[in-house]
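Here are the chains, one letter per residue:
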Amino acid sequence: MKKPRLVRKSRTKSGSRGAAGAERTDVATRFYYKGSRLKQLRAFCMIVKLGTLSRAAEALFLSQPSVSLQLRALEAELGVALIERRRRRVAPTREGQALYELALPLVEGLETLDRRFHARCKGLAGGELRIAVGASTGQYLLPPWIAAFRARHPEVHVQLRSVVGSDGIAQLRSDQVDIAIGSLLDVPQDLAYEVLQTCDPLLIAPLDHPLAQLAEIRLEDLSPHGLVLPPHRQTTFQLVDLVFQQHKLPFHVSIEVGGWDVIKRYVAQGLGISVVPDLCVQEDDHARLCVRNLRALFPRRSYGVIVRKGKLLGSEARAFLDLLRPNLFGRRGDGAGTGPSER
């Protein structure tokens, strides 16, 4: 009797092949989509940060058309306009600003992943801390904190970049430094500022100066005398100018020079008077200078630490902020929890 012939079912039905092929295509699409989205977000964040497509392209080592295509593709996928042109620069729309605040920590987190991974594995050994600081802040305010940080983390390389005026903010925005320490009159929307120390304004004058004989000093009394002030880009000059303008009184600067020690020396030699924060007046200065409190005439000055909102701080910067004040800016370093300060 003949054995029944077995009929084998084909294992290559088109339906099975189609499902498998579709699955492989879907996986490939998903991975391509994620890779493409990261490039788009990176380009978008760089455009917002630097303000122009050309500068973003230079920073990313891409052509400007390539960056423009990535931006348009991202806008098409999200269905909204993210960037609007304003004269020679571009700025985020309302939706663009919302996306920037969400995307920036993710993009920066991935870009600094290697460094943070090795820092986490090794503790803080071999890391680097970059701080933008003005000359007076670096001379009078920072030394105790830097000494304490070095005692705790001797293997971290600390780089203090001396800056003038708004240069520190520019370096902070371009990620040349991790944090900045100085004085701000107004806090821009993209930055967070926490006060470390508040100072009274002081008049310094030669010991034999006519102002030294007055029981009470008015703004009108200061107006005729030449002032020795820091450069006009710095906060002290701006505060003095603001107060005199508010009272519609003239003032003139006889010497414009940087550095509180230089200013104190010129004043002691009779070359003018000055308005300085009490931070820079030391005990031995009273032997050569008349020092009077001007809190009734000029606003108090604050010095503090400045970070860029949304920036993911490294372990070195985070350790330094925790030394200044525990949980300063919150654990993310994005300005969460900051409040108004007296400036």
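In case you missed it, the structure is sitting above this.
In short, a report on the structure.

Reading guide: rules and limits
- Residues numbered from 1 in each chain as written.
- Predicted model: local features only at pLDDT ≥ 70, side-chain atom pairs only at ≥ 80, totals over all residues.
- Heavy atoms only, no water.
- Helix = DSSP H or I, 4+ residues; strand = E, 2+ residues; numbered from the N terminus.
- Contact = heavy atoms within 4.5 Å.
- Areas by Shrake-Rupley, 256 points an atom, 1.4 Å probe, with all protein chains shown as cover.
- Pairing = 2+ DSSP bridges.
- Axes fitted to C-alpha atoms, helices over the stretch in contact; angles between N-to-C directions.
- Salt bridge = Lys/Arg side-chain N within 4 Å of Asp/Glu carboxyl O.
- Buried < 20%, exposed > 50% of the residue type's maximum accessible area, 1.4 Å probe, protein only.
- Polar contact = N/O pair within 3.5 Å; in protein donor to acceptor, adjacent residues only side chain to side chain.
- Phe/Tyr/Trp six-rings, centres within 6.5 Å; stacked < 30°, edge-to-face > 60°.

### Comments concerning the overall build of the protein
Step number 1: Looking only at helices and strands, one finds twelve helices and twelve strands in the protein.
Step number 2: Partitioning the intrachain contacts of the protein with sequence separation of at least 6 by distance along the chain shows that 73% fall at a separation of at least 24.
Step number 3: Here the protein has roughly 19,700 Å² of accessible surface; of this, 53% comes from carbon and sulfur atoms.

### What to know about the sheet that holds strand β6 (residues 191-199)
Step number 1: The strand order across the open sheet formed by five strands is β4-β3-β5-β12-β6, and the pairing between neighbours is mixed. At either end of the open sheet lies a strand with only one pairing partner, and these are β4 (157-163) and β6. Neighbouring strand axes in the sheet, compared pairwise and without regard to direction, differ in orientation by 20° on average.
Step number 2: Here strand β3 (residues 128-134) runs beside strand β5 (residues 179-182); their pairing, made up of three bridges, is parallel. Across the sheet, the residue bridging to Val133 is Ile181, located in β5.

### Examining the pattern of salt bridges
Step number 1: Counting across every chain of the model gives 17 salt bridges.
Step number 2: Its salt-bridge partner being Arg173, residue Asp190 comes within 2.8 Å of it at the nearest N-O pair. Here Asp190 is found in the loop between β5 and β6, whereas its partner Arg173 is found in helix α8 (residues 167-173), with 17 residues between them in sequence.
Step number 3: According to the relative accessible area criterion, Asp190 is partly exposed, its value standing at 28%.
Step number 4: One salt bridge in this structure joins Asp221 and Arg218, with 3.2 Å as the shortest N-O distance.
Step number 5: Residue Asp221 is classed as buried on the basis of its relative accessible area, which comes to 16%.
Step number 6: Since its relative accessible area comes to 47%, Arg218 is described here as partly exposed.
Step number 7: Several salt bridges share partner residues, and in doing so they unite Lys49, Asp175, Arg308 and Lys311 into one network.

### Some words on the side chain of Thr52
Step number 1: Along the polypeptide, Thr52 turns up in the loop between α1 (14-50) and α2 (53-60).
Step number 2: One polar contact links the side chain of Thr52 to the main-chain amide nitrogen of Arg55, over a distance of 3.1 Å.
Step number 3: Beyond its immediate stretch of four places on either side in the chain, Thr52 contacts Ile47, Arg88, Arg89 and Val90.

### Description of the sheet that holds strand β7 (residues 201-206)
Step number 1: Here we have three strands laid out as an open sheet, ordered β10-β7-β11, and antiparallel in their pairing. Each end of this open sheet is capped by a strand with a single partner; those strands are β10 (274-277) and β11 (289-293). Geometrically, the sheet is characterised by an average inter-axis angle of 35° between neighbouring strands, direction not taken into account.
Step number 2: Direction of pairing for β7 relative to β10: antiparallel, over a ladder of four bridges. Along β10, the bridge assignment pairs Pro201 with Pro277.

### Side note on the packing of aromatic side chains
Step number 1: By the definition in use, this model includes four aromatic pairs.
Step number 2: An angle of 65° between the planes, with centres 6.4 Å apart, marks the rings of Phe237 and Phe251 as edge-to-face. You can see Phe237 sitting in helix α10 (residues 235-246) and its partner Phe251 sitting in the loop between α10 and β9 (253-256), a full 14 residues away along the chain.
Step number 3: Here Phe244 and Phe251 contribute two aromatic rings whose centre-to-centre distance is 5.0 Å and whose plane-to-plane angle is 25°, an arrangement assigned as stacked.

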